[in-house]
Amino acid sequence: MKFPNFYPREETIGNPQFFCGRVAVLDNFLKWIRQIPQKSAKSRALMATKKMGKTAILERLFNLCFVHQAQPGSISGGVYPFYIRLPEIKVSLSAFSDTFFYTFLTHYLACKLQKPEWVNKVLSPTAARQAAQDHDLVHVLEEIEYYQELMEGPAIKKWLHASGCPHRLAASTGDFFLQIIDEFQYLNHYIYTDETYQNVMELAGTYHQYAESRIAPVLASGSWVGWLKTLLKTQVNPRFTQIHLGPLTDEEALEAVYTYSDLHQIEISEASALAVQRLSRNHPYYIASIIRSNQPHLDLTNEAGVESALNYETLAHPGEIFGHWGEYIDYAFDQTNGGVAKAIVLFLSMNREVEKTRTEIRDYLQSKGFMLDDEELEKRLRLLEGSDIIREGSTAFRYQGIPDDVFSQVFEVLFAEEIEHLRREVTLANIKKQNRLRMQSTDTEIYQRNKGHFLEFMMIRYLKYQAQKGQSLKELIHNAPKDSIWSHYQSIGEKHFNLIDGYHRQFDIFAQAALPEGLSLLIECKYWQDPVDASVIEQFHTKAEEFRQVHAHLLPIVYSVSGFSNPAIQTMKQYGIAWSGPDLWKVL
């Protein structure tokens, strides 16, 4: 099996290398996808606020399924992926039905006929019919012909036929489908009966039936979490298993810092990389916002520069993070009384570590001059929860601020002066003090693990520089093979791979040769106080041999800051593993 040098669907994230971490999440979903041919996969809903990386995961799952569909036992053997993102503009039911139906057929035909160039467009009815005729896909032709007969009738009949097509086609062909529907909550919001846009349709109930499908299960998602949860609860629950997407792990966050800074060509030091990781709270969007900040004279080579960049993006216009949370805040206040809403959110946000009862919230509002009975207060609280700027606590009687320090800072800057009569200068000073304390705090264990990540990052940068200069790595390692072809690399640094069985394997650095006969490098980095021993080499050898199933021309390399034991060196000689360290290759 060969890994592709491209993904058929153009991903919103841009350069595929921007996709960092999410190993556990991807593993979980890939295991679930492998259950589809067993008819045991229940539909799921992926919940995450905007900019958490939800769409990146969905698009990557589509691409992985597409690439590996034809290989039984692999990531998605026998499962055909379909992806659609629902519109955030008004659209008629008739037009949306057409888009849904022909997007689904396009993705199916593209995968079935191995036409990846079709993925980023929607085939016309004529083109879809012709492709089905040319390859004798009788069941697809039947679906198209019946849909065309509905063109002059009620739009709802078109939708019912379109939405049921994946399940019907799976039942008639024996193929399996994964339906990925991004921004699922818009099914009840932006789709109207006709082009006058007077009457909105509520289509989510359509999936009361099809979400039960075990041959074409649905992976729905939404970036308005409260809104989506309410929709699922009232119209299709409990047919979707809910998966909530949180921040990156510490290691994944640091990987993102190094990757983003490298791809954006931003110079960053070890100390400032750790500062970005701490101040971002491992949120991928916050990391990206700091590194690509439009702050004049951006300097991320020191901690003070990192703090300054975060403040620029968070505490006022035109900060990107400030504008991001402004969208949620504006939506929330459109749904409920602005003054009361501001007071509720500020109270919960400033005390976000502790749940507050409805009684405590009511008492606080009364102290600010807002008089609400329990029924009216509960209504406001539900609306704010649906807007994702507060959340329900351990019971329906309790509420809590969302556990996001950056959102709390944005909200305090906007409304603490109005509600709590705190001068803006005082609020800003308190926030900046909190950020400095967070940036300076150090967890020894995490710091030591991060030292290893910094070593990897510096090695990746060196390899890219060496490749650009056309220099060989041969002189920088021991036990280098004599007759191998050293070449440029088409990619350097990707750490996680899905091998034949679909599970992830993690490697520190992989440099894939640009030429088929070139030598690809698989590098293990050890930032340890003690020399590496033979047991570590044995484990690395096992992983490397497994990886040879994908890349035959492979040179395993171990880099150790503190050297190797004699048994380790003998083991590397035995297995043909190269090694290096500061004696030959001074990375740090």
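Cut-offs and rules
- Residues numbered from 1 in each chain as written.
- Predicted model: local features only at pLDDT ≥ 70, side-chain atom pairs only at ≥ 80, totals over all residues.
- Heavy atoms only, no water.
- Helix = DSSP H or I, 4+ residues; strand = E, 2+ residues; numbered from the N terminus.
- Rg over C-alpha atoms; globule rule 2.2 N^0.38 Å.
- Buried < 20%, exposed > 50% of the residue type's maximum accessible area, 1.4 Å probe, protein only.
- Contact = heavy atoms within 4.5 Å.
- Areas by Shrake-Rupley, 256 points an atom, 1.4 Å probe, with all protein chains shown as cover.
- Lys, Arg positive; Asp, Glu negative; His and termini not counted.
- Charge placed at Lys NZ, Arg CZ, Asp CG, Glu CD.
- Pairing = 2+ DSSP bridges.
- Salt bridge = Lys/Arg side-chain N within 4 Å of Asp/Glu carboxyl O.
- Axes fitted to C-alpha atoms, helices over the stretch in contact; angles between N-to-C directions.
- Parallel < 35°, antiparallel > 145°, perpendicular 65-115°, else oblique.
- Left-handed = near helix turned anticlockwise from the far one by under 90°.
- Nonpolar A, V, L, I, M, F, W, Y, C, P; charged D, E, K, R; others polar.

1. What to know about the overall build of the protein
Turning to step 1, where the next piece is worked out: Secondary structure assignment for the protein yields 21 helices and 17 strands.
Turning to step 2, where the next piece is worked out: For the protein, whose C-alpha radius of gyration is 27 Å, the value lies close to the compact-globule estimate of 25 Å for 588 residues.
Turning to step 3, where the next piece is worked out: With the principal axes as the frame, the protein shows a C-alpha extent of 75 × 70 × 40 Å.
Turning to step 4, where the next piece is worked out: When each of the 588 residues of the protein is scored for burial, the buried share is 55%.
Turning to step 5, where the next piece is worked out: When contacts within the protein are restricted to residue pairs at least 6 apart in sequence, long-range pairs at least 24 apart make up 70% of them.
Turning to step 6, where the next piece is worked out: Accessible area for the protein stands at about 25200 Å²; split by element, carbon and sulfur atoms hold 49% of it.
Turning to step 7, where the next piece is worked out: Looking at charge distribution, the protein has the averaged site of its 59 positive side-chain charges lying 1 Å from that of its 71 negative ones.

2. What to know about the pairing of strand β1 (residues 44-47)
Turning to step 1, where the next piece is worked out: Judged by which residues are buried, β1 turns out to be covered on both faces: R44 and L46 on one side and A45 and M47 on the other are all buried.
Turning to step 2, where the next piece is worked out: Direction of pairing for β1 relative to strand β6 (residues 218-222): parallel, over a ladder of 4 bridges. Within the sheet, the bridge partner assigned to M47 lies in β6 and is G222.

3. A short note on the environment of A332
Turning to step 1, where the next piece is worked out: When you line up the elements, A332 lands in helix α13 (residues 320-335).
Turning to step 2, where the next piece is worked out: Here A332 is in contact with L384, S387 and I389, once residues within four sequence places are set aside.

4. Things to note about the pattern of salt bridges
Turning to step 1, where the next piece is worked out: Taken as a whole, this structure holds 31 salt bridges when the rule is applied.
Turning to step 2, where the next piece is worked out: With a shortest N-O distance of 2.9 Å, R352 and D405 are connected by a salt bridge. Of this pair, R352 sits in the loop between α14 (338-350) and β8 (356-357) while D405 is found in helix α17 (residues 405-419), placing the two residues 53 residues apart along the sequence. The exposure classification of R352 matches that of D405, with both residues buried.
Turning to step 3, where the next piece is worked out: Each of K50, K54, R85, E88, D182, E183 and E327 takes part in a single network of salt bridges with overlapping partners.

5. Comments concerning the packing of α14 against α17
Turning to step 1, where the next piece is worked out: Packing of α14 against α17 leaves a shortest axis separation of 10 Å and a crossing angle of 125°. Viewed along their axes, α14 and α17 adopt a mutual orientation that is oblique. For α14 against α17, the interelement crossing comes out left-handed. Each of G339, K342, A343, V345, L346, S349 and M350 in α14 lies in contact with α17, whose residues at this interface are F407, S408, F411, E412, F415, A416, E418 and I419.
Turning to step 2, where the next piece is worked out: Counted by class, the contact of α14 with α17 contains 9 nonpolar, 3 polar and 3 charged residues.

None of the figures reported here should be taken as evidence of function without further support.
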